[in-house]
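# Architecture and fold: a report
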Amino acid sequence: MTFSAITLGVRDLERSLRFYRDGLGLEFPGIIGTEYEGDAERPGGATAMLTLGNGLILSLYGRDDLAKDAGLTPERVTGSGVSLGWFVDRRDAVDDLLERAAAAGGSVVRAPLERPWGIYAGYFGDPDGHLWEVVYFLPG
């Protein structure tokens, strides 16, 4: 089984694009699908996609459009019942990424600390509250 995409429902697509692209330094080509306008019944097509490592796609899609597309109420696609993992190759990269997330409009949910199972990690939330854990695996 291969997971191909993670779609985050966001309140403001432009703001989320700025957070991930400008604030965190991820490369997005921009918003695509704007020619597919939604209405009260049908979702629009505007989305921003980023190819992450291993070919995984991170997709940002308007929360209301995501709800319409899935046939759900908007309340069903809010909040964060999961955390996404962002692995880094240096301990100081954890601190750096958390600082960049906060400066870009996100929030540091938990300051980084060493865990007994061999990681140094902390959490941030993006502007929509999607939870990310930034992880460095300690040597040994």
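Residues numbered from 1 in each chain as written. Predicted model: local features only at pLDDT ≥ 70, side-chain atom pairs only at ≥ 80, totals over all residues. Heavy atoms only, no water.

## What to know about the sheet that holds strand β6 (residues 107-115)
Here we have 4 strands laid out as an open sheet, ordered β5-β8-β7-β6, and mixed in their pairing. The open sheet has two edge strands, β5 (83-87) and β6, and neither has a second partner. The mean inter-strand angle of the sheet, taken between neighbouring strand axes irrespective of direction, is 20°. Of the strands in this sheet, β5, β6, β7 (119-125) and β8 (131-137) touch helix α3 (residues 91-103), which is tilted by about 10° from β7. (Pairing = 2+ DSSP bridges. Helix = DSSP H or I, 4+ residues; strand = E, 2+ residues; numbered from the N terminus. Axes fitted to C-alpha atoms, helices over the stretch in contact; angles between N-to-C directions. Contact = heavy atoms within 4.5 Å.)

## A few points about the side chain of D65
Relative to the helices and strands, D65 resides in helix α2 (residues 63-70). Although buried, D65 forms no salt bridge, and the nearest oppositely charged side chain, K68, lies 4.3 Å from it. If sequence neighbours within four positions are ignored, D65 has contacts with P43 and G44. (Buried < 20%, exposed > 50% of the residue type's maximum accessible area, 1.4 Å probe, protein only. Lys, Arg positive; Asp, Glu negative; His and termini not counted. Salt bridge = Lys/Arg side-chain N within 4 Å of Asp/Glu carboxyl O.)

## Considering the nonpolar core
By size, the foremost hydrophobic cluster in this structure holds 26 residues, and its most contacted members are Y20, L24 and F124. The greatest single-element share of this core, amounting to 5 residues, is contributed by α3. Leave out the neighbours within four places in its chain, and Y20 touches L8, G25, L26, F28, L58, L60, D126 and W132. (Core = buried A, V, L, I, M, F, W, Y, C linked by side-chain atoms within 4.5 Å.)

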